[in-house]
Amino acid sequence: MTSTDHAPAPAPVEEADPRDPLTRLTTFLDDGSLHLISAQDRSGMLAATGTVRGVPTVVFAADPRIQGGALGAEGCGVIVEAYERALADDSPIVGLWHSGGARLADGVVSLNGMGEMFAIMTRASGKIPQISVVLGAAAGGAAYGPALTDIVILGPDGLIFVTGPDVVRSVTGENVTAARLGGAEPHGRRSGVVHVATATTEEAYDRGRQMVSLLSDQGRMDVSSVQDRDLAATFPESAKRAYDVHPLIADVVDDVEDCVELHPRWAPSIVTTLGRLGGRTIGVIANNPLRLGGCLDATSAEKASRFVRMCDAFGIPLVVLVDVPGYLPGVGQEWDGVVRRGAKLLHAFAEAVVPRVTLVTRKTYGGAYIAMNSRSLGATRVFAWPTAEVAVMGHVAAVRILHRRRLAEVDPAERVTVENELAEEHAVLAGGLPRAVEIGVVDEVIEPTTTRSALATAIAAAPQRRGEHGNIPL
Amino acid sequence: MAIQEVVSDLVANVAQVQVEVGEHVEIGHELVLLESMKMEIPVLSEVAGTVAAVRVSPGDVVQEGEILVVLS
């Protein structure tokens, strides 16, 4: 056991191997804070405690120089002990992954070790933040390790797959490159395995550090520090016109540089971002009309559900920015399980005990209205801007159904005019926003220029609780 | 020269085509305006490049995954 109370000795004069786990641990942790908690041996895994932006953290790193980082019982044991330490200290744990998976030569013993590692990761789920930074290939069990954690960050050389290209070729005959099988494109855009893909290794470390800070150094909401801005400034004039929601999110949070968007390219019709408001970590969930018109679909509902549950488990309040036309219709969606996967979002919000505040900016319709943290699901506060529509569907769409026969008899040339007239009548009848306030599904109509302080005040006033559940990788 | 095929995210009507073959576009340039879900949804370029082909015209109905514009 190597353990020192002073700063680690200067590295040997010859250039350090960048794959050396000690180099990686030292790089990741704050300068001079590293304390090894496992032996530097042939186990293929090295663990340390230290600080990350001042937060006490447990970190482990695979050693790809030894059997490609493959893990036997000893290597898995190092991880299990690191988890026990992190659980005892109530500190976040970070894995720096670069491993071919279980050690074949060790047989079932290594599989058993892997299983014990998965078990403690699951036991820790929702209790302490778990972050994975994948720096090289992470295959087999070394793929499922990161996948069980809360956040997976993929560096430029990172690869994640159950089996590599050679096995795929010999078993299925598919010719595929490693990057296409398990790089940033498949996992960032298609599978949702990776939360954040980075262009450089340094950025991967930095995102990992940022996640430690956001999840474990959440800060306290200082409402007096929250400056109001006109949040509607970035919206298009036409209510029909789609827009990118990112500028709105940037205006809601304190500092967009301090934010991490999770799954930016996967299921982009919903945006999930961790950032700070009034100095306190918050989770922002926003429909993005630029993609799929902002519709919820099977994948985006699932993405948002996992985010809600992670934030709830770690006591991170939620801000839900709603502009949603509905669930995406279609055969593809039904067959993709939009009912089952959409139900996850209902479950996640209804279960969450963290402060969760909804803002309807333009519209919220139908089933998606319910799913986006509605009053009925237990929202802490529901705000709406003065021009927002809260309805079962758009007025024109509604009259097309309600007055189908009458419209069919109208001269096609006049149909649009009649539709619009009926829609106006329908809007009055349905009651719109005043009616939504009257029946209590919207608590308050607020101006875009006072929204930031309203959100912050609502969060600060709510009991600060956290959900007692794990964060299953939904 | 890399080719980028810009596809539709969803079933939609093509309302407007805002680029011509040979035109240079920057990131964020509006290529096509789609109508779907009662909304006007602009399709923006994710890369800078030259329009190599336009595969749709106003009034067309496009399916999810259908190519709208090819950039090079």
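Residues numbered from 1 in each chain as written. Chains lettered and ligands numbered in written order. Predicted model: local features only at pLDDT ≥ 70, side-chain atom pairs only at ≥ 80, totals over all residues. Heavy atoms only, no water.

What chain B contains, in helices and strands, is zero helices and eight strands. Counted from the first residue to the last, chain B has its helices and strands arranged as β-β-β-β-β-β-β-β. Scaling as 2.2 N^0.38, a compact globule of 72 residues should have a C-alpha radius of gyration of about 11 Å, and chain B matches this with 11 Å. Taken along its principal axes, the extent of the C-alpha atoms in chain B is 35 × 15 × 15 Å. Per-residue burial for chain B yields a buried fraction of 39% across its 72 residues. For chain B, restricting intrachain contacts to residue pairs at least 6 apart in sequence, the fraction spanning at least 24 positions comes to 54%. (Helix = DSSP H or I, 4+ residues; strand = E, 2+ residues; numbered from the N terminus. Rg over C-alpha atoms; globule rule 2.2 N^0.38 Å. Buried < 20%, exposed > 50% of the residue type's maximum accessible area, 1.4 Å probe, protein only. Contact = heavy atoms within 4.5 Å.)

We now examine empty space enclosed by the protein. Residues and elements named next belong to chain A. On inspection of all chains with the given rule, the structure shows two cavities of 30 Å³ or more. Volume-wise, the largest cavity comes out at about 70 Å³. Taken together, D150, H195, L262, H263, T272, K303, R306, F307, M310 and N471 form the lining of the largest cavity. When residues of the lining of the largest cavity are assigned to their parent elements, the largest contribution, four residues, is made by helix 10 (residues 298-313). In terms of lining residues, the second largest cavity is bounded by V322, T358, V360, T364, Y369, M372, N373, S374, V382, V390, V441 and V442. For the lining of the second largest cavity, the leading source of residues is strand 13 (residues 356-365), giving three residues. (1 Å grid on protein atoms, 1.4 Å probe; cavity = no way out; pocket = protein on both sides within 12 Å on 5 of 7 lines; lining within 4 Å. Points joined across faces, edges and corners; volume = space filled by probe spheres on them.)

Let's shift gears to the pairing of strand 3 (residues 55-62) of chain A. All names here are of chain A. Judged by how many residues are buried, strand 3 sits mostly within the fold: seven of eight residues are covered. With eight bridges connecting them, strand 2 (residues 45-52) and strand 3 associate as antiparallel partners. Bridge pairing in strand 3 links A47 to F60. Linking strand 2 back to strand 3 in an antiparallel pair, the connection comprises two residues, with R53 at a positive phi of about 50°. Alignment of strand 3 against strand 4 (residues 93-99), held across four bridges, turns out to be parallel. Bridge pairing links F60 to G95 in strand 4. (Pairing = 2+ DSSP bridges.)

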